[in-house]
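Listed below, chain by chain, are the residues.
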Amino acid sequence: MTREPRGKTPLTGPRAGRHSRASADVPAVEPLSIIHGVLPPREVILRFIADHPQQASKREIAKAFGLKGEQRVELKDLLRDLEEEGMLQKNRKSLIRPGALPPVTVLDITTRDKDGELIGRPAEWPEDAGVAPAVTIRQSSSPAGRNGKGKAPVAGLGDRILAKIFAASHHGGPAYTARIIKVLDKRRLSTLGVFRETPGGGGRLMPVERRGEEMVIDPGDVGEAKDGDLIEVEIARLGRFGLPRAKVLNVVGSTGSEMAISMIAIHAHGIPNIFPLPVIDEAEDAKPATMSRREDWRDVPLITIDPPDAKDHDDAVYAEMDPSPDNEDGIIVTVAIADVSWYVRPGSALDREALKRGNSVYFPDRVVPMLPERISNDLCSLKEGVDRPALAVRMTFSKEGRKISHTFHRIMMKSAAKLSYQQAQAAIDGNPDDKTGVLLEPILKPLYHAYAVMTRGRDRRQPLELDMPERKILLKPDGTVDRVVVPPRLDAHRLIEEMMIQANVAAAETLEKKRQPLIYRIHDGPTLAKQEILREFLATLGIPLAKGGNMRANNFNGILAKAEGTAHQTMVSEMVLRSQSQAIYSPENIGHFGLNLMKYAHFTSPIRRYADLIVHRALVGSLGLGEGGITPEEEAALDDVAAEISTFERRAMAAERETVDRLIAHHLAGRVGEEFDGRVGGVTKAGLFIALPDYGADGFVPISTLGNDYFIYDEAHQALTGQKTGLGFRLGDSVKVRLAEAIPLAGALRFEMLSDGRDMPTAMRSFHKSGRRNAGAARKAGTRPPRGRR
């Protein structure tokens, strides 16, 4: 199920905004033209300072442009004018653009990007200057220093460094890179592990990560830890010989508790899970929003439809027939979203902490929220029967499902009802309860009629229709796994999803029309390399995939339709999913491939996603809706913010996935030796990944344990095939396995294969024979055979 197409890139980004005084006059000059001996125009001077912060003194600027005599006087006057206009500001002897970093600055290393590069932010940054810019830290690849003298400084997460700042030479990431001059302060090293008592007192720390290191804990450093506890320790001493020594900082809990398991992921990924006192104080001091600059919509019967266990409610919906005679049988859909921008202002303690988190993280036993509960579960939650501030979009559709118009409003609303998906669906299916009975005719039926109308537009648009089952872990009171279920996918889910998508589209369209910089949710099409892998795989099933780079979502829908109802339906769905790119946030728009939309921005969940909060502020500011709008400093930092929250989103996904893996491994640890029905969910040179559909878990069968045959890995066919027998295993095959080992804290399961391999198609076997001939010829020639055919 993909919710996230390529299009022309409109004028967007930090330099496109009306409010961005610091950059509005600077055209995109690529490359920068320098005519020596001639005083350049002001925009060229500004561009030079932005791109060469290390050469931004008056003397260096004059030297770079070859200015002498009277020209230097003119340069001095020009720079003074730019300072008075707020386009430049002094930093000691250098000039910098407002919101820019000086040539040398102190950075705190806070995170890593998707490629593992360290990312830092300035240690000192004025609170009223908006979001501090992100900087990519370049580690020296040489063991010696810059001049070959001594050791090059090496930094890690949590360190504070003195760094030389450079403008980034690429687009799509942080605007700056940095070279480490000196490491000023090393972090306090801490890690998680399981405490094991040793005779005579003290104990050992057993690592929870596979690459972790065992440590010694002296008797005086044990604290309140008991055997089997999950503990956080500080590394007290690193000697040249023997194991490191550690001191217990905190007892997280028993390793038998799910709470401890989720804490492993929180700690391993550096997810902030404790709100600092100033953030809590700011949240507690917040007062309910007033009617200032708001429309009174408290009589509009908006309702919330959420999971039954939801604690925050950030969206409400309402639908009605369009009374306009020009739109016969048309509908009006209203989506109201909690007005978080009223409470979380740019540069505030709440704002800085929200950006540090990027999004809420959801574990089976807990939520690590982006905002404190006072904001997320109280003041901004659209509770039933309570006045709440919101941003609303009213969208008009024709009877064919085409959006005719939309308008945004800053409102005060009062939710008419809080319903669960199951409640709403049961009422529509003819089983209303006491609450939904009175809502059925005036509210629920118009909503479902509107959904039917909007579905016509969706069907015409043809987004990627990947409907993969989503499993949910249900816990016992003690925090351990009770069972794993696949909740049914209801029309109530689809109704809310489609209305949220259209509200997100409306937000992007409005901001583009206002030429207001924003953060888009973008999704690129599959790369040519991924298309080729998918094409080769589908060819083995007799399903064609046209060549060429201009793929659209409906091309993949055609593939899914051909596989529907066949034995390889699940396998094809998984391969199509693997071929897709990952959706990210960006101030530059390329459209959303999966949703087949030209303009798309996240607007509907500002309680749990920082991207949505930015979009809310952009709407408030560009539409003149009152306080809490986006600032010029925020606009200038959108590249950095988008890159960072995309990283935090991936961080959250990894932490959630690893926690589920650990939970299931813990759940099955007592069932070693039992047999399970599984499915081949992945094929590699090293063996097979086996998915257990009933548990949502994956385990591994090493290739060395598959049997006496020699198995050849075939990437194109996603298969392992026996050289002698021609029997093998392929992605999607149903198999029976025995659980051989479970390592709960690592989230690892190892299986033994009980099923015999199936007879592979003749075409694949001849392919493998050809591969063996190639391999033999390569051995004789002293070269390696092609990857994937060894």
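I will try to describe carefully the structure that is included in this document.

Parameters at a glance
One numbering rule holds for all chains: residues counted from 1, following each sequence as written. The predicted origin of the model limits local features to residues at a pLDDT of at least 70 and limits the giving and counting of side-chain atom pairs to 80 or more, whereas totals for whole chains, interfaces and linings rest on all residues. With hydrogens and water set aside, each side-chain value is computed from the structure's full complement of heavy atoms. Strand pairing requires that DSSP identify at least two bridges connecting the strands. Helix and strand assignments follow DSSP, with helices taken as H or I runs no shorter than four residues and strands as E runs no shorter than two, numbered in order from the N terminus. Simply put, an axis is a line fit to the C-alpha atoms, just over the touching stretch for a helix, and the angle between two N-to-C directions goes from 0 to 180 degrees. By definition in this entry, angles of less than 35 degrees are roughly parallel, angles greater than 145 are roughly antiparallel, angles of 65 to 115 are roughly perpendicular, and the rest are oblique. Two helices cross in a left-handed way if the nearer one is turned anticlockwise from the farther one by less than a right angle. They cross in a right-handed way if the turn is clockwise. Contacts between residues were defined by any pair of non-hydrogen atoms, one from each residue, lying within 4.5 Å. When residues are sorted by character, Ala, Val, Leu, Ile, Met, Phe, Trp, Tyr, Cys and Pro go into the nonpolar class, Asp, Glu, Lys and Arg into the charged class, and all the rest, Gly among them, into the polar class. Only buried Ala, Val, Leu, Ile, Met, Phe, Trp, Tyr and Cys residues count toward a nonpolar core, and they belong to the same one when joined by side-chain atoms within 4.5 Å. Buried means the residue's accessible area, taken with a 1.4 Å probe over protein chains only, is under 20% of the maximum for its type, while exposed means over 50%, and partly exposed covers the values in between.

1. Points about the sheet that holds strand β30 (residues 719-722)
Thinking step 1. Across the sheet, which stays open at both edges, the four strands sit in the order β29-β30-β31-β34 with antiparallel pairing between neighbours. Among the strands making up the open sheet, the edge pair consists of β29 (711-714) and β34 (758-759).
Thinking step 2. Pairing geometry for β30 and strand β31 (residues 727-730), over three bridges, is antiparallel. The residue of β31 that forms the bridge with A719 is R730.

2. Observations concerning the packing of helix α5 (residues 277-284) against helix α7 (residues 349-357)
Thinking step 1. Viewed as axis vectors pointing N to C, α5 and α7 meet at an angle of 125°, and their least axial separation amounts to 8 Å. In terms of orientation, α5 and α7 fall into the oblique class. For the element pair α5 and α7, the recorded crossing hand is left-handed. Contact residues: α5 offers P278, V279, E282 and A283, while α7 offers A349, L350 and E353.
Thinking step 2. Its residues assigned to classes, the contact of α5 with α7 shows five nonpolar, no polar and two charged.

3. With respect to the nonpolar core
Thinking step 1. Ranked by size, the top nonpolar core spans 92 residues in total, and within it V333, V335, M499 and F603 carry the most contacts.
Thinking step 2. Ranked by residues supplied to this core, first place goes to helix α12 (residues 491-513) with ten residues.
Thinking step 3. Within the second largest apolar cluster, 49 residues are counted, among which are V572, V576, L668 and L692.

4. Topic: the packing of helix α13 (residues 528-539) against helix α15 (residues 569-579)
Thinking step 1. Where α13 meets α15, the closest approach of the two axes is 9 Å, and the angle between their N-to-C directions is 165°. As far as their axial angle goes, α15 and α13 are roughly antiparallel. Seen along the crossing, α13 lies across α15 with a hand that is left-handed. Packed against α13, whose contacting residues are K530, I533, L534, F537 and L538, the element α15 presents M571, V572, M575, V576, R578 and S579 at the interface.
Thinking step 2. A breakdown of the residues in the contact of α13 with α15 according to their chemical character gives eight nonpolar, one polar and two charged.

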